[in-house]
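# Architecture at a glance
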Amino acid sequence: MDGNGNDGNAHGTGDLGLRPLTARSVVLSTLLGHHPPHLPVRSLVRAGEIFGIAEGTVRVALSRMVAAGDLEPRDGGYGLTARLLERQARQDDSLSPRTRPWDGAWEIAVVTAERRPAADRSALRQAMTAQRLAELREGTWLRPANLVRQRPPVVAEQCTLLTGAPDDDPARLAAELWDLDGWARRARALRAALEAASGPAEEFTAAAAILRHLLADPLLPDALLPGDWPGEALRQRYEALREDIGALLSEHAAR
């Protein structure tokens, strides 16, 4: 499913991000959900047909996505470019997060580089968000040290990295850094929208919104989460739907 975009802190339920289905979203979601992310043109055309998108429309979308740097022609089909391979990796991590037992320690990154141009500041903010750190104050980022992942070079280049722990209640600090109640409300609303969907197209649209929301899950240790946290249940429901849609795509492509 298409993980393009990020809900950020907008976790209200008024706008669930159920974006209209387009040829681009179908192609991108199909490839992002496929390992390896490469498919023949015929398969991508038939994926569009499932959702009522004409072959000509899909082919135009493919040409435009190549021009935009999203896709590259390969072996009679199309594959994701390096930039979108990074997005696929982030998607995979959001669905199957690599965690370790939490001992109470927190990751702390303090910006110590001086005279940073705007592009460097923006790159660091994007990296910190992708790493699921939150900003306590300008230039100070932190999160519980329960995730296993590589730090991108931009973090080491601009920050001093520390490990520590708050003196006060860590659950209270987590609630200040992340809108956990808002995330949970939106997760439940998206799950309800998925269950109310009628047909593959509506399910596909709801699933894409769910994936965007999962990318904003802070993936905190259980000890820091409110009771009845819906994150894992939402991931499992999404994975089940992705398998169903994948089977539908495979069945249609084989015709």
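A brief report on the enclosed structure follows.

Definitions and cut-offs
Residues numbered from 1 in each chain as written. Predicted model: local features only at pLDDT ≥ 70, side-chain atom pairs only at ≥ 80, totals over all residues. Heavy atoms only, no water. Helix = DSSP H or I, 4+ residues; strand = E, 2+ residues; numbered from the N terminus. Rg over C-alpha atoms; globule rule 2.2 N^0.38 Å. Buried < 20%, exposed > 50% of the residue type's maximum accessible area, 1.4 Å probe, protein only. Contact = heavy atoms within 4.5 Å. Areas by Shrake-Rupley, 256 points an atom, 1.4 Å probe, with all protein chains shown as cover. Lys, Arg positive; Asp, Glu negative; His and termini not counted. Salt bridge = Lys/Arg side-chain N within 4 Å of Asp/Glu carboxyl O. Pairing = 2+ DSSP bridges.

## Thoughts on the overall build of the chain
- When you go through the chain residue by residue, the secondary structure sums to 10 helices and seven strands.
- Scaling as 2.2 N^0.38, a compact globule of 255 residues should have a C-alpha radius of gyration of about 18 Å, and the chain matches this with 20 Å.
- Within the span of the chain, comprising 255 residues, buried residues form 46% of the whole.
- Nonlocal contacts in the chain, meaning residues at least 24 apart in sequence, comprise 78% of its contacts between residues at least 6 apart.
- Here the chain has roughly 12900 Å² of accessible surface; of this, 49% comes from carbon and sulfur atoms.

## A closer look at the side chain of Arg132
- Examined against the element boundaries, Arg132 turns out to sit in the loop between α5 (118-130) and β5 (134-137).
- No salt bridge is formed by the buried Arg132; the nearest opposite charge belongs to Asp217, separated by 5.9 Å.
- Setting aside chain neighbours within four positions, we find Arg132 in contact with Ser94, Arg143, Leu147, Trp178, Leu214, Leu215, Asp217, Pro218 and Leu219.

## Some thoughts on the pairing of strand β4 (residues 106-111)
- Relative to strand β6 (residues 140-144), β4 is paired through five bridges, and the arrangement is antiparallel. Across the sheet, Ala109 pairs through a bridge with Trp141, a residue of β6.
- As defined by bridge partners, β4 adjoins strand β7 (residues 159-164) across six bridges and the pair is classed as antiparallel. If you follow Trp106 over to β7, its bridge partner there is Gly164.

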